[in-house]
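Chain residues, written in single-letter form:
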Amino acid sequence: MAEPQPEKTLTLSQQYALEKEDKVGVDTKPVEVKEVENTVNATSEEVVAERDEEPPAASPKESTEVPAPAAEESSDSAPSAVVGGESSEASADAAETSNETAAEENTENAENSSEQEAVEEEAPEVKLETAPADFRFPTTNQTRHCFTRYIEYHRCVAAKGEDAPECDKFQKYYRSLCPGEWVERWNEQRENGTFPGPL
Amino acid sequence: MIVLEWLFLTISPCDAAEPWQLGFQDAATPMMQGIIDLHHDIFFFLILILVFVSRILVRALWHFHYQKNPIPQRIVHGTTIEILWTIFPSIILMFIAIPSFALLYSMDEVVVDPAITIKAIGHQWYWTYEYSDYNSSDEESLTFDSYMIPEDDLELGQLRLLEVDNRVVVPAKTHLRIIVTSADVLHSWAVPSLGVKCDAVPGRLNQISILVQREGVYYGQCSEICGTNHAFSIVVEAVPRKDYGSRVSNQLIPQTGEA
Ligand SMILES: [Cu+2]
């Protein structure tokens, strides 16, 4: 998955950005989030088998998003908060992306928790990040997307133990996707042993 | 003069329906822009056909008037004209269908990953919005109800049947995923300026992805008949990204404090 695709593909995406000025400058932002997610997916591939198909499937399809795996050479700088940043400079973004990907691989969970604290302590630090688009659920109907993420999390916990860091992302995903009411009901059902899904 | 004045005064600076409005509201997303463009494209053909058919009709009425042309024609068949009036409409239909399908498929295609997810849950008769990207447990989440302001409580300048007490705040120029569902009956989450209309179905999550291109306040209403207070409203407020961050974290603190 980590085939190094250096700056070349970036310029491609920049060219693309020139065609649709206003909109694609913004596009580079979620790209960064996506790639982070992909890398993280790869680290937990033994948990859910089908997940590891995603990076190959995703990157050729959306050629604008390739730059991230160039991450190997880069290192340590902690991911900066996304909210304040200007979205239009694609090159700055790319640098940030590669840094972030590398950093994210190691410190994803640490960063998650620290981020949560940051949210609670100091006001303007909110990272715009959510469950990525999933190629298994390409339609308007996302019901199964939410359900699958919920199951994936609980399977992951069952396999890896209660506070395995690999499972955190699934938790984030299902919290983002599922209505709170549904999650509450499912939690209740799991406690009573009446949960209808495969756990 | 009075009419003119009255016409211009009704043009409100926000993205809401206006009295006697005939056209679209201003587009704020690429989707709405596409819809408006498609409308104009199709209207071109519509007018073309209207003019052509009217001309044929009037011409036939004129030339074959019973006084002018007392002996009726007995033509019942003409191969050339039949080929023509089959081929030509199908070409026109193709010119309409191609941009139409292109728009249709591009609208529900999710091109990039969204940066935030907002859940809109329909109730009789209010919307509940959940921002759960920043949750640290299953319970605590930035959740609020958005009720329409009743007519008696309106302040000067607020829009009747449109204003709500809690607006949905979203960042502009950011890819959003809105997940629409319902807790009781069918509703529909619709905002004309954003080019969005999505049914809220109990037990099902419908996703729409939007990109608001400019800051503003966008008004919409429930668009699926759901009971007495159907057409209770939806207000989306698009703010710059950095303001969104502070808005969310400011709201998050009291929420987490309570929970
Ligand atoms: Cu309704």
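- The name given to chain B in an unreviewed UniProt entry is Cytochrome c oxidase subunit 2, with Cannabis sativa as the source organism.
- In the Catalytic activity (unreviewed entry) part of its UniProt record, chain B is described as follows: "4 Fe(II)-[cytochrome c] + O2 + 8 H(+)(in) = 4 Fe(III)-[cytochrome c] + 2 H2O + 4 H(+)(out)".

- In the annotation of an unreviewed UniProt entry, chain A is listed under the name Cytochrome c oxidase subunit 6b-1 and assigned to Cannabis sativa.

**Section: the nonpolar core**
Then, in step 1: If you look at the biggest cluster of nonpolar residues, it comprises 39 residues, and the most contacted ones within it are B:Trp127, B:Tyr129, B:Tyr131, B:Trp189, B:Leu194, B:Val236 and B:Tyr244.
Then, in step 2: The element that contributes the greatest number of residues to this core is strand β10 (residues 233–239) of chain B, accounting for four residues.
Then, in step 3: In contact with B:Tyr129, not counting residues within four places along its chain, are B:Ile118, B:Lys119, B:Ala120, B:Leu142, B:Thr143, B:Phe144, B:Ser146, B:Val168, B:Trp189 and B:Ile234.
Then, in step 4: Core analysis: the second largest hydrophobic core is formed by 21 residues, A:Ile151, A:Val157, A:Cys167 and A:Tyr173 among them.

**Comments concerning the coordination of the copper ion**
Residue and element names in this part refer to chain B.
Then, in step 1: Donor atoms from the polypeptide that bind the copper ion are Cys-222 (SG), Glu-224 (O), Cys-226 (SG) and His-230 (ND1), placed at 1.9 to 2.5 Å.
Then, in step 2: Around the copper ion, the four donor atoms are arranged such that angles at the metal cover 91 to 119°; this shape is classified as tetrahedral.
Then, in step 3: Positions of the donor residues of the copper ion along the chain correspond to the pattern C-x1-E-x1-C-x3-H.

**A closer look at the packing of aromatic side chains**
To describe a pair of aromatic rings, you give the distance between the ring centres and the angle between the ring planes.
Then, in step 1: In the structure shown here, the tally under the stated rule is 15 aromatic pairs over all chains.
Then, in step 2: Between A:Tyr150 and A:Tyr174 the ring centres are 4.9 Å apart and the planes differ by 80°, which places this aromatic pair in the edge-to-face class. One end of the pair, A:Tyr150, is in helix α5 (residues 143–160); the other, A:Tyr174, is in helix α6 (residues 168–177), with 24 residues separating them in the sequence. The residues A:Tyr150 and A:Tyr174 share a single accessibility class, namely buried.
Then, in step 3: Judged by centre distance (5.3 Å) and plane angle (75°), the rings of B:Phe44 and B:Phe45 are edge-to-face.

**What about the state of the cysteines?**
Residues and elements named next belong to chain A.
Then, in step 1: All told, the structure shown has two disulfides over all chains when counted by the stated rule.
Then, in step 2: In this model, Cys-146 is linked to Cys-178 through a disulfide, with the two sulfur atoms separated by 2.1 Å. Handedness here is read from the sign of the S-S torsion; for Cys-146 and Cys-178, about 115°, the answer is right-handed. With a gap of 32 residues between them, Cys-146 in helix α5 and Cys-178 in the loop between α6 and α7 (180–192) connect regions that are remote in the sequence. Across the pair, Cys-178 and Cys-146 agree in class, each one buried.
Then, in step 3: There is a disulfide in this structure between Cys-156 and Cys-167, and the S-S distance comes to 1.9 Å. One quick way to see it: the torsion about the S-S bond of Cys-156 and Cys-167 is about -85°, and its sign makes the bridge left-handed. Of this pair, Cys-156 sits in helix α5 while Cys-167 sits in the loop between α5 and α6, and the two are 11 residues apart along the sequence. As far as the burial class goes, Cys-156 and Cys-167 line up, both buried.
Then, in step 4: Bonded cysteines in chain A are paired 1-4, 2-3 when counted in the order they occur along the chain.

**Regarding the pattern of salt bridges**
Then, in step 1: The final tally for this structure, using the stated rule, is 11 salt bridges over all chains.
Then, in step 2: A salt bridge links B:Arg167 to B:Glu163, with the nearest nitrogen and oxygen atoms 2.9 Å apart.
Then, in step 3: For B:Arg167, a relative accessible area of 28% translates into the label partly exposed.
Then, in step 4: Take B:Glu163: its relative accessible area is 4%, and that puts it in the buried class.
Then, in step 5: Note that B:Arg247 is salt-bridged to B:Glu237, the shortest N-O span being 3.6 Å. Placement of the pair is B:Arg247 in helix α4 (residues 241–258) and B:Glu237 in strand β10, with a sequence separation of 10 residues.
Then, in step 6: Owing to a relative accessible area of 35%, B:Arg247 belongs among the partly exposed residues under this scheme.
Then, in step 7: Here the salt bridges share partners, and the residues they tie into one network are A:Asp134, A:Arg136, A:Arg149 and A:Glu152.

**Quick word on the UniProt feature "transmembrane region" (unreviewed entry) in chain B**
Then, in step 1: Here, the residues flagged by UniProt with the feature "transmembrane region" (unreviewed entry) are residues 42–62 and 83–105 of chain B.
Then, in step 2: For residues 83–105 of chain B, helix accounts for 100% and strand for 0%, while the C-alpha atoms at its two ends are 32 Å apart.

**Describing the packing of helix α2 (residues 30–63) of chain B against helix α3 (residues 79–108) of chain B**
Residue and element names in this part refer to chain B.
Then, in step 1: Relative to each other, α2 and α3 sit at 170°, their axes nearing to 10 Å. Judged by the angle between their axes, α2 and α3 are roughly antiparallel. Mapping the contact onto sequence places Met-31, Gly-34, Ile-35, Leu-38, Asp-41, Ile-42, Phe-45 and Ile-49 in α2 and Ile-92, Phe-95, Ile-96, Pro-99, Ser-100, Leu-103 and Met-107 in α3.
Then, in step 2: Broken down by class, the residue content of the contact of α2 with α3 amounts to 12 nonpolar, two polar and one charged.

Rules behind the numbers
Throughout this document, residue positions are counted from 1 along each chain, in the order its sequence is written. Chain labels run from A onward and ligand labels from 1 onward, assigned in the order the entries are written. Given that the model is predicted, a residue must reach a pLDDT of at least 70 before its local features are reported, and side-chain atom pairs must reach 80 or more before they are shown or counted; all residues, however, enter totals for whole chains, interfaces and linings. Calculated side-chain values reflect all of the structure's heavy atoms, with hydrogen atoms and water omitted. UniProt positions are given in the numbering used here, feature names are shortened, and annotations may be inferred rather than shown by experiment. As used in this record, nonpolar core signifies buried Ala, Val, Leu, Ile, Met, Phe, Trp, Tyr and Cys residues forming a set joined through side-chain atoms within 4.5 Å. Relative accessibility thresholds used throughout: buried, under 20% of the residue-type maximum; exposed, over 50%; partly exposed, between the two (1.4 Å probe, protein chains only). Each helix corresponds to a stretch of at least 4 residues labelled H or I by DSSP, and each strand to a stretch of at least 2 residues labelled E; elements are numbered beginning at the N terminus. Contacts are residue-level and defined by heavy atoms, with any inter-residue pair within 4.5 Å sufficient. The rule for donors is simple: an N, O or S atom within 2.8 Å of the metal counts, and for Na, K and Ca the reach is 3.2 Å. Water is not among the atoms, so a site may look short of donors. Under the classification used here, a metal with four donors is tetrahedral if each angle lies between 85 and 135 degrees, square planar if opposite donors are over 155 degrees apart and the others between 65 and 115, a six-donor metal meeting that same test is octahedral, and anything else is irregular. Classification of ring pairs uses Phe, Tyr and Trp, with its six-membered ring standing for Trp, and accepts pairs whose centres are within 6.5 Å; under 30 degrees between planes counts as stacked, over 60 as edge-to-face, and the remaining range as tilted. By definition, disulfides here are pairs of cysteine sulfur atoms that lie within 2.5 Å. Salt bridge, as applied in this entry: a Lys or Arg side-chain nitrogen positioned within 4 Å of an Asp or Glu carboxyl oxygen. Convention adopted: a line fitted to C-alpha atoms gives each axis, helices being fitted over their contacting stretch, and angles between N-to-C directions are expressed from 0 to 180 degrees. By definition in this entry, angles of less than 35 degrees are roughly parallel, angles greater than 145 are roughly antiparallel, angles of 65 to 115 are roughly perpendicular, and the rest are oblique. Each residue is assigned to one of three groups, with Ala, Val, Leu, Ile, Met, Phe, Trp, Tyr, Cys and Pro labelled nonpolar, Asp, Glu, Lys and Arg labelled charged, and all others, Gly among them, labelled polar.

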